[in-house]
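# Observations on the three-dimensional arrangement
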Amino acid sequence: MKIIRTINYAQKLTTKLREQKKIIGFVPTMGYLHKGHLSLIKEAKKKSDIVFLSIYVNPLQFGPKEDLSRYPRNLKRDEMLCRRAGVDYIFYPEDKIMYPEGYSTYAVVENLTRGLEGKFRPGHFKGVTTIVLKLLNIIQPHYSVFGQKDAQQAAVIKKMTEDLNINTKIIISPTIRETDGLAMSSRNIYLTKEQRADAPYLNKALEYAKRKIQLDNYNKDIDFLRSQMSKLIKSRKTATKIDYISFNDYNTLEEIKSFKNNKKKSILISLAVRFGKVRLIDNIIIKR
Ligand code: PAF
């Protein structure tokens, strides 16, 4: 396994690999890898001859009051995990080569980025789509794998690649959870012992809603369901603020206000909750 730090080298290499008819799989990350990332690597390996993984904490997708400076980093450990998982190349650029002085070009996906995370994290998706577009241009992968845990991000990136005719297939891989249901995330490291004990209630609330929706005799009142989920989460002392609990069409991300005219749609229920300074997101998809 090799670590690549320059764009020039990465592009020459991937161009050569494509000429040799190798299938390239790509897993973009911000590092501090966990089992969720390992499952993305596994997915990429299934489809490809060569797997690239990028590690880059992208400053453009963090708001001024967010956790950029304290975002966890551990290259040595990430390197070891990648080697074990069978990654071929880690792309590990520095800020000055991704955004050199005078940098002024951005990718923006409209509409899909308005609600959910986009509402609470202004500018976040502009940062995500810009860096992902740059990475796709550098790595030129046949397959790019993203986690379902960031459901809106996955939808936005899929839309960007379709709209801009980018020659890569986006694969969305299921969320990996701890045994108590907490979705794996690099940010879980911030949780105190008490917050960590309360955090699985996010998944409990999502599972509760799923069970209710799937019950035939339930009257499916979304506001009631949301208030029950909210009660369940607020029953935990360390869950200090619910940013949103939202019901959306999984494909268009349009908000669903009633199940009545949406019988056949797959539903994405997503939420963002603050445990003190730690903000966690999670979601569940109800396929119908
Ligand atoms: O999901 C992430 O880790 C990041 O948003 C991504 C896709 C690597 C872009 O920085």
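Preceding block: the structure.
The text that follows walks through the structure, step by step, so that each part is easy to find. All values reported here derive from a predicted model rather than from experimental measurement. (Residues numbered from 1 in each chain as written. Predicted model: local features only at pLDDT ≥ 70, side-chain atom pairs only at ≥ 80, totals over all residues. Heavy atoms only, no water.)

### Some thoughts on the site of the ligand
Here is the rule we go by: One heavy atom within 4 Å of a molecule or strand is enough for the residue carrying it to be called near that molecule or strand. Two N or O atoms form a polar contact when they lie within 3.5 Å of each other; inside protein one atom must be a possible hydrogen donor and the other a possible acceptor, and for residues adjacent in sequence the pair counts only when both atoms belong to side chains. To measure how exposed things are, a 1.4 Å probe is used in the Shrake-Rupley method; for residues, cover is taken only from the protein chains shown. Three residue categories are used. Nonpolar comprises Ala, Val, Leu, Ile, Met, Phe, Trp, Tyr, Cys and Pro, charged comprises Asp, Glu, Lys and Arg, and polar comprises the others, including Gly.
Around the ligand, the surrounding shell consists of P28, T29, M30, Q61, I131, F146 and Q153. Within the side chain of Q61, one N or O atom sits 2.6 Å away from an oxygen atom of the ligand. Between the ligand and Q153, the relevant distance is 2.7 Å, taken from an oxygen atom to a side-chain nitrogen or oxygen of the residue. Protein burial of the ligand: of its 290 Å² of free accessible surface, 88% is covered by the chains. Across the shell around the ligand, the residue classes tally to four nonpolar, three polar and no charged.

### As for unusual backbone geometry
We apply this condition: In this description a helix means any DSSP run of H or I spanning at least four residues, a strand means any run of E spanning at least two, and both kinds are numbered starting from the N terminus. Think of it in three bands: with a 1.4 Å probe and only protein chains considered, a residue is buried below 20% of the maximum accessible area for its type, exposed above 50%, and partly exposed in between.
Its identity is not glycine, yet K21 carries a phi of approximately 65 degrees, on the positive side. Along the polypeptide, K21 turns up in the loop between helix 1 (7-19) and strand 2 (24-29). What makes K21 exposed here is its relative accessible area of 68%. With a phi angle near 60 degrees, N111 is a residue other than glycine that sits in the positive phi range. As for its placement among the helices and strands, N111 is situated in the loop between helix 4 (95-98) and helix 5 (117-120). Here N111 falls in the exposed class, since its relative accessible area comes to 53%.

### Quick word on the sheet that holds strand 3 (residues 50-55)
Heads up, the rule is: Two strands pair if DSSP finds at least two bridges between them. The axes are straight lines fitted to the C-alpha atoms, using for helices just the contacting stretch, and the angles between their N-to-C directions are given from 0 to 180°. Two residues form a contact once any of their heavy atoms are found within 4.5 Å.
A sheet is described by the order of its strands in space; here six strands give the open sequence 1-4-3-2-5-6, paired in parallel fashion. Pairing within the sheet leaves two strands with one partner each, and these edge strands are strand 1 (2-4) and strand 6 (169-173). Averaged over all neighbouring strand pairs, the angle between strand axes comes to 25 degrees, with direction disregarded. Where strand 2 meets strand 5 (residues 143-147), two bridges bridge the pair, whose relative direction is parallel. By the bridge assignment, F26 is partnered in strand 5 with S144. Strand contacts of helix 3 (residues 75-85): strand 1, strand 3 and strand 4 (89-91), with the helix running at about 165 degrees to strand 3, the strand carrying the most contacts. Sitting on the sheet, helix 6 (residues 124-139) touches strand 2, strand 3, strand 4 and strand 5, and the angle it makes with strand 2 is about 150 degrees.

### Focus: helix 10 (residues 222-234)
Here is the rule: Multiplying 1.5 Å by the residue count of a helix minus one yields the expected span of that helix. Directions are taken from the helix axis to each C-beta atom, and the arc is the one they span.
Between its terminal C-alpha atoms helix 10 stretches 18 Å, which fits the 18 Å expected from 13 residues at 1.5 Å a residue. Those residues of helix 10 lying buried are I222, L225, M229, S230 and I233. Seen along its axis, helix 10 keeps its buried residues to an arc of 135 degrees; they face one direction. Among the exposed residues of helix 10, those oriented more than 90 degrees off its buried face are D223, K231 and K234.

### What about the environment of F120?
The topology assignment puts F120 in helix 5. Spatially, the C-alpha atoms of F120 and A272 are 9.4 Å apart, while their sequence positions differ by 152 residues.

### Some points on the sheet that holds strand 9 (residues 278-286)
Taken in spatial order, the three strands of this open sheet run 7-8-9, and their pairing is antiparallel. Two strands close off the open sheet at either side, each with one partner strand: strand 7 (241-249) and strand 9. The average angle at which neighbouring strand axes cross in this sheet is 10 degrees, direction not considered. Strand direction decides the pairing type here: strand 7 and strand 8 (residues 267-275), joined by eight bridges, are antiparallel. The residue bridging D249 from the neighbouring strand is I267, located in strand 8.

### Points about the nonpolar core
Put simply, the rule is: By nonpolar core we mean a set of buried residues, namely Ala, Val, Leu, Ile, Met, Phe, Trp, Tyr and Cys, connected to one another through side-chain atoms within 4.5 Å.
Membership of the largest hydrophobic core comes to 36 residues, with the highest contact counts inside it found for F52, F91, M98 and V132. Contributing elements (two or more residues each) for this core: helix 1, strand 2, strand 3, strand 4, helix 6 and helix 7 (151-163). Those residues within four positions of F91 in sequence are excluded, and the remaining contacts are I4, R5, T6, I7, A10, L53, S54, I55, M98, L135, I138 and I139. Core analysis: the next-biggest nonpolar cluster, separate from the first, contains 32 residues, L191, A205, I222 and F275 among them.

### Digging into the packing of aromatic side chains
Put simply, the test is: When two rings of Phe, Tyr or Trp (its six-membered ring) have centres within 6.5 Å they constitute a pair, described as stacked for plane angles under 30 degrees, edge-to-face for angles over 60, and tilted for the intermediate range. Two thresholds decide whether a charge sits over a ring: the Lys NZ or Arg CZ must be within 6 Å of the ring centre and within 35 degrees of the ring normal.
For the structure shown, the criterion picks out six aromatic pairs. Seen in terms of ring centroids, F62 and Y71 are 5.8 Å apart; in terms of plane orientation they differ by 80 degrees. Their pairing is edge-to-face. Y71 shares its class with F62; the two are buried. Pairwise contacts between aromatic rings join Y56, Y99, Y103 and Y106 into one cluster. Across the ring face of Y106, the terminal group of K126 is positioned such that the distance to the ring centre comes to 4.4 Å. A cation sits over an aromatic face here: R236 above Y201, 4.3 Å from the ring centre.

### Description of the environment of R279
Within the secondary structure layout, R279 lies in strand 9. Excluding residues that lie within four positions of it along the chain, R279 makes contacts with E117, F120, R121, R187, D243, Y244, A272, V273 and R274. Engagement of the side chain of R279 in a polar contact is seen with the side chain of E117, the distance being 2.8 Å. Within the structure, R279 has its side chain in polar contact with the side chain of D243 (distance 2.8 Å).

Just geometry here; none of it tells us what the structure is for.
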